[in-house]
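# Per-entry structural report
Chain by chain, the residues:
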Amino acid sequence: MSAPQDYDPRIVDLYDLDNPDGPDHDFYRALADSRDARSILDLGCGTGILTVTLAAEGRRVVGVDPSASMLAFARARPGGERVEWIEGDTEVLPEARFDLILMTGNVAQHIPDPAWMLTLRRLRAVAAPGALLAFESRNPEARAWESWTQEVPSVRETMHGPLAEWSEIEELGDGVVLLRAFNRFARTGETVIEEQLLTFRTEERVIRELQTAGFDTAAVWGDWTRAPYDGRQRLMIFEATPTA
């Protein structure tokens, strides 16, 4: 999950506008409440838009992310003082056990192989007895990346002035896609290029890898209303528990 370069702070400032609170966050908050989770790990927490809302009284919440600029934003947001923020990935997890472990915003797809299996094993090591691991990942059969290419720039007004955005996709094989996003800030004439390497894993593969890491798959949902996944939905939402 570690990134070779950090996000431009101007991009971070816009992140919550492009990725607002919604039904996905409602789903994860409901999990925390229904399980009465006393300790929560949010791996790949980003700007902390969901993380801070999990930090109820009597509950320990830890947000982990490799991006220093994302975490700076998270720490400064209202409620940020209620969360323990850690820069890094599963290599720097605290010595603790968590009742609920989350990877939201398709974070699982940002963790390439072989780091993915190592991540799952490390999460198993910090999972409390009866814990729940929950995360989502896009269905590779839906081929979402085919709609992401944008050759003609779109322009919008932002707090940093006019911003022109366009993107391109490169398929690397074995479910791996490189998304290259271009951001041109009119005020300075700078073009910021962000590259994201995304891995699209099938349901069968994720279940198999969870089992290898020591998790039993409890459910796979196809949307945030808990409709069972049947292979046709664009999203797969996994719930898994430590193997007894």
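Here we summarise the structure given alongside this text. In this text the structure is predicted, and so the values were computed from the model without any measurement.

Summing up its helical and strand segments, the protein has 6 helices and 11 strands in all. Rg of the C-alpha trace for the protein: 18 Å, near the compact-globule value of 18 Å for 244 residues, within the 12% margin. For the protein, the spread of C-alpha atoms along the three principal axes comes to 55 × 40 × 30 Å. By residue count, 52% of the 244 residues in the protein fall in the buried class. For the protein, restricting intrachain contacts to residue pairs at least 6 apart in sequence, the fraction spanning at least 24 positions comes to 61%. Of the accessible surface of the protein, which amounts to about 11,700 Å², a share of 50% is contributed by carbon and sulfur atoms.

Moving on: the packing of helix H5 (residues 115-125) against helix H6 (residues 203-213). One way to put it is that H5 packs onto H6 with a least axis distance of 9 Å and a crossing angle of 50°. Compared by their axis directions, H5 and H6 come out oblique. Remark: the crossing between H5 and H6 carries right-handed chirality. Where H5 abuts H6, its residues Trp-116, Met-117, Leu-120, Arg-121 and Arg-124 lie against Glu-209, Leu-210, Thr-212 and Ala-213. Residue composition of the contact of H5 with H6, grouped by class: 5 nonpolar, 1 polar and 3 charged.

The subject of this paragraph is the side chain of Thr-90. Locating Thr-90 in the fold gives a position in the loop between strand S3 (84-87) and strand S4 (98-103). A distance of 3.3 Å separates polar atoms of two side chains, one belonging to Thr-90 and the other to Arg-122. Once you skip the residues sitting within four places of it in the chain, Thr-90 turns out to touch Leu-43, Thr-119, Arg-122 and Leu-123.

Looking now at the sheet that holds strand S1 (residues 39-43). Across a sheet, strands are paired by hydrogen bonds formed along the backbone, either parallel or antiparallel in direction. Strand order across the open sheet formed by 7 strands is S3-S2-S1-S4-S5-S11-S10, with mixed pairing between neighbours. Looking at the sheet topology across the chains shown, the edges are occupied by S3 and strand S10 (215-221). Neighbour-to-neighbour, the strand axes of this sheet turn through a mean angle of 20°, independent of strand direction. The strands that helix H4 (residues 68-76) touches are strand S2 (60-65) and S3; relative to S3, the one it contacts most, it runs at about 170°.

One way to put it is that helix H1 (residues 9-18) packs onto H4 with a least axis distance of 9 Å and a crossing angle of 60°. Here H1 is positioned oblique relative to H4, judged by the angle of their axes. Taken as a pair, H1 and H4 cross one another with a handedness that is right-handed. For the pair formed by H1 and H4, the contact residues are Val-12, Asp-13, Tyr-15 and Asp-16 on the first element and Ser-69, Met-70 and Phe-73 on the second. Classifying every residue of the contact of H1 with H4 gives 4 nonpolar, 1 polar and 2 charged.

Attention shifts here to the side chain of Ser-167. In this fold, Ser-167 is placed in strand S7 (residues 161-173). Accessibility expressed as a relative area gives 11% for Ser-167, which makes it buried. Here the side chain of Ser-167 touches Trp-148 through a polar contact of 2.6 Å, landing on its backbone oxygen. Here Ser-167 is in contact with Trp-148, Thr-149, Gln-150, Glu-151, Leu-179, Arg-180, Ala-181 and Phe-182, once residues within four sequence places are set aside.

Basis of the calculations
Residues numbered from 1 in each chain as written. Predicted model: local features only at pLDDT ≥ 70, side-chain atom pairs only at ≥ 80, totals over all residues. Heavy atoms only, no water. Helix = DSSP H or I, 4+ residues; strand = E, 2+ residues; numbered from the N terminus. Rg over C-alpha atoms; globule rule 2.2 N^0.38 Å. Buried < 20%, exposed > 50% of the residue type's maximum accessible area, 1.4 Å probe, protein only. Contact = heavy atoms within 4.5 Å. Areas by Shrake-Rupley, 256 points an atom, 1.4 Å probe, with all protein chains shown as cover. Axes fitted to C-alpha atoms, helices over the stretch in contact; angles between N-to-C directions. Parallel < 35°, antiparallel > 145°, perpendicular 65-115°, else oblique. Left-handed = near helix turned anticlockwise from the far one by under 90°. Nonpolar A, V, L, I, M, F, W, Y, C, P; charged D, E, K, R; others polar. Polar contact = N/O pair within 3.5 Å; in protein donor to acceptor, adjacent residues only side chain to side chain. Pairing = 2+ DSSP bridges.

Geometry only, nothing functional implied.
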